[in-house]
Amino acid sequence: MNIIIVGAGEIGRHMALSLSREKHAIAVLERDERIAGELDSKIDARVMNADGASINNLLEAGVAECDLFLALTSDNNINLVSCSMAKALGAKQVICRVHPGLQREEFLFDLRSHFGIDYIFSSERLAAIELAKFVRNPHSIFVEEIARGHIELQQVKVSRESSMTRQPLKEIKFPPRVRIASILRGDKSIIPRADDRLEPGDVVTLFGDPNRLHEVAWRLQEKEGTKEPETNVVIFGGGEYGFSLAQTMESWNSRIRIFESDPDRCEQLTDSLANVTVLNADATSLAELKEENLGQADFFIAVTEVDEDNVMTCIQAHSLGTKNCLTLIHRADYADAMTGFGERMGIRAAVSPREATRRDLMRFVTSDKFHLLRRLHAGELIEAAVAEGSAADGKQVKDVPWPENCVLMALLHGIRAVAPAAEDEIVAGDHVYALVAPKAKKAFLKLVSK
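A brief look at the structure comes next. Every value quoted in this text rests on a predicted model; they were computed, and no experiment measured them.

So, how was this worked out
Residues numbered from 1 in each chain as written. Predicted model: local features only at pLDDT ≥ 70, side-chain atom pairs only at ≥ 80, totals over all residues. Heavy atoms only, no water. Helix = DSSP H or I, 4+ residues; strand = E, 2+ residues; numbered from the N terminus. Contact = heavy atoms within 4.5 Å. Areas by Shrake-Rupley, 256 points an atom, 1.4 Å probe, with all protein chains shown as cover. Lys, Arg positive; Asp, Glu negative; His and termini not counted. Charge placed at Lys NZ, Arg CZ, Asp CG, Glu CD. Disulfide = S-S within 2.5 Å. Buried < 20%, exposed > 50% of the residue type's maximum accessible area, 1.4 Å probe, protein only. Expected span 1.5 Å × (residues − 1). Polar contact = N/O pair within 3.5 Å; in protein donor to acceptor, adjacent residues only side chain to side chain. Salt bridge = Lys/Arg side-chain N within 4 Å of Asp/Glu carboxyl O. Pairing = 2+ DSSP bridges. Axes fitted to C-alpha atoms, helices over the stretch in contact; angles between N-to-C directions. Parallel < 35°, antiparallel > 145°, perpendicular 65-115°, else oblique. Nonpolar A, V, L, I, M, F, W, Y, C, P; charged D, E, K, R; others polar. Phe/Tyr/Trp six-rings, centres within 6.5 Å; stacked < 30°, edge-to-face > 60°. Lys NZ or Arg CZ within 6 Å of the ring centre and 35° of its normal. Left-handed = near helix turned anticlockwise from the far one by under 90°.

### Things to note about the overall build of the protein chain
Of regular secondary structure, the protein chain possesses 15 helices and 24 strands. Contacts in the protein chain between residues at least 24 apart in sequence constitute 63% of all its contacts with a sequence separation of at least 6. When the accessible area of the protein chain is evaluated, it comes to approximately 20,800 Å², of which 46% is carbon and sulfur surface. Looking at charge distribution, the protein chain has the averaged site of its 54 positive side-chain charges lying 8 Å from that of its 67 negative ones.

### As for the state of the cysteines
Every disulfide links exactly two cysteines, by a covalent bond between their sulfur atoms. With the rule as written, the count across this model stands at zero disulfides. Among the cysteines around C66, which has no disulfide bond, C83 carries the closest sulfur, lying 10 Å off. A residue is classified by how much of its surface remains accessible, and C66, at 1% relative accessible area, is buried.

### As for helix α8 (residues 210-221)
Here α8 contains 12 residues, and its C-alpha end-to-end distance of 17 Å stays within 8% of the 16 Å for a straight helix at 1.5 Å per residue. Tucked inside the fold, the buried residues of α8 contact α7 (123-136), β8 (151-157), β9 (178-185) and β11 (203-208).

### Points about helix α1 (residues 10-20)
Where burial is concerned, most of α1 is hidden: eight out of the 11 residues are buried. Buried residues along α1 sit against β1 (2-6), β2 (25-30), β4 (68-71), β5 (93-97), α7 and α14 (353-361).

### Quick notes on the side chain of E380
For E380, the position within the fold is in strand β19 (residues 379-385). Within the structure, the side chain of E380 is placed 2.8 Å from the side chain of K441, a separation counted as a polar contact. Apart from residues lying up to four places away in sequence, E380 is in contact with L372, R374, R375, A434, L435, V436 and K441.

### As for the side chain of E124
With respect to the element layout, E124 can be found in helix α7. It is R97 that comes nearest to the buried, bridge-free E124 among opposite-charge side chains, at 4.6 Å. There is a polar contact of 3.5 Å between the side chain of E124 and the side chain of S123. Sequence-distant contacts of E124, defined by excluding residues within four places in its chain, comprise P100, E240, Y241 and S244.

### Some words on the sheet that holds strand β7 (residues 142-146)
Reading across from one edge, β7-β8-β11-β9-β10 is the order of the five strands in this open sheet, with antiparallel pairing throughout. In this open sheet, the two strands that pair with only one neighbour each are β7 and β10 (188-190). On average, adjacent strands in this sheet sit at an angle of 20° to one another, irrespective of strand direction. In this structure, β9 lies alongside β11, joined through six bridges in antiparallel fashion. Residue pairing in the sheet places L184 in a bridge with V203 of β11.

### Thoughts on the pattern of salt bridges
Within the structure shown, the criterion is met by 21 salt bridges. Close ionic contact of K170 with D195 constitutes a salt bridge, the shortest N to O distance being 2.8 Å. A residue pair is termed long-range when its members are at least 10 positions apart, and K170 in the loop between β8 and β9 and D195 in the loop between β10 and β11 qualify at 25 residues. Of the two residues, K170 and D195, neither departs from the other in class, the shared state being exposed. A network of salt bridges, in which partner residues are shared, links E130, K133, E355, R358 and R359.

### A few points about the packing of α7 against α14
Two elements in contact, α7 and α14, have axes separated by 8 Å at closest approach and are oriented at 95°. Taken together, α7 and α14 sit at an angle that is classed as roughly perpendicular. Along the contact surface, α7 presents S123, L126, A127 and E130, while α14 presents P353, A356, T357, R359 and D360. A per-class count over the contact of α7 with α14 returns four nonpolar, two polar and three charged.

### Topic: the sheet that holds strand β17 (residues 349-351)
Strand order in the open sheet formed by six strands is β14-β13-β12-β15-β16-β17, and the pairing between neighbours is parallel. Edge positions in the open sheet fall to β14 (276-280) and β17, since each of these has one partner strand only. Pairs of neighbouring strands in the sheet enclose a mean axial angle of 20°, with direction left out of account. Of the strand pairs in this sheet, strand β16 (residues 324-328) and β17 are connected by three bridges, and their pairing is parallel. The partner of L326 across the bridge, within β17, is A349. Against the sheet, α7 makes contact with β12 (231-236), β15 (299-302), β16 and β17, and its axis sits at roughly 175° relative to β16, the strand it touches most.

### Let's talk about the pairing of strand β21 (residues 406-413)
Within β21, seven of the eight residues are buried, leaving the element largely enclosed by the surrounding structure. Relative to strand β24 (residues 431-436), β21 runs antiparallel, the two being bridged by six bridges. What sits directly across from V407, in β24, is L435. As paired strands, β21 and strand β22 (residues 416-418) are joined by three bridges and run antiparallel to one another. Each residue of the ladder has a partner; that of L411, found in β22, is V418.

### Thoughts on the packing of aromatic side chains
Counted by the stated rule, this structure contains three aromatic pairs. A centroid spacing of 6.2 Å and a plane angle of 15° characterise the contact between Y119 and F121, whose relative ring orientation is stacked. On the accessibility criterion, F121 (1% relative accessible area) is buried. Among the aromatic residues, those joined into a ring-pair cluster are Y119, F121 and F364. Positioned over the ring face of W252 is R136, at 4.6 Å from the centre of the ring. Residue placement shows R374 over the ring face of F142; its charged tip is 4.0 Å from the ring centre.

### Overview of the packing of α1 against α14
Running from N to C, α1 and α14 point in directions that differ by 55°, and their axes come no closer than 9 Å. It follows from the interaxial angle that α1 and α14 lie oblique. As α1 runs across α14, the sense of the crossing is right-handed. Every residue of α14 that contacts α1 at E10, I11, H14, M15 and S18 is listed here: P353, R354, E355, T357, R358 and L361. Taken together, the residues that form the contact of α1 with α14 break down as four nonpolar, three polar and four charged.

As structure tokens, this is what we get:
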């Protein structure tokens, strides 16, 4: 692919290095001469010491032949303007990084349509979502989002106490647009049919609306009639990461406390978060952690800008008895080290904003008819664009002759995505997400391609 990146800061540099290793044709525009020079010496790509919000510079970088344009500076205005110009000058797909505050205001104004942008994101929110997955689904084997975050996948083990076992799937009342994609029973993978039954010990892959999926995951793992307990969460750091994380979890069955040392920021957080307790306290102080009974917390999540403080407070929280410790890691070399050694220090997971962003954006990096998202025991989870004039174009889901061993998991139309229902219409330009067994892959792609 021909890819242009505007901005070589932490996020832009990480994306450029990653993409260059995959042999894409890359041009990077960076205003800072020193940063541009450092990147140029480390990357097999064209690095321009130039303003990405300049029409001449964009044309020189080859924007008219650009397959993917990524505006990744820390400046909203530069990113929005450069994206708008890139789209008008011929870039096929345009991706824009924004401050989380601006992303939260999207319901007031359609930035995408106004600026001609295909996708808007904030690295702070992506990292917060990654951290929140562990809190929302502490017993799941894995959790992953697809279709721009509108659909969630969860893999859970069926409990002997579950009321959902030993009855046909067609008799189980699932929430709307929540379904089972596959069952792993011992070494055998099953793409289930209506008459199949769940058994204790099965590993089930669920998909659907994230807010409804959680209910089914709980029913599979717990005895009928039991109520999910409140989760006690402590967040260290009330900056944008902490705010985004608290806002993500605010409506959940959780007791959330934020430790923030800046009194002015505490007031802002208190005004913005209705169901969160904000404490003007320093979580690096062992005495203050003890005073707040941190050992009784289910989760301690450190999300300040200082990696060393994040790691050390997690270690302290673990020593006091906190069940699960999560941390944000900004530096790439620290993140790699934490992946290998974090659990030995009581840290369940370390999330890197750079890596969370890279994983999110890689779904746009493909020149094939499909994009492989993940390999599961029952097959491959793939994303494919519906071509104009294809067999699926203009038809309802129920009218397309989908192959056996193929499960549609999401249908993305513009910025809206759903777990498909029989009456949903598929049109050219939609993106279809499906779990496809190897023998069904060719037939599936033939239906959506031309």
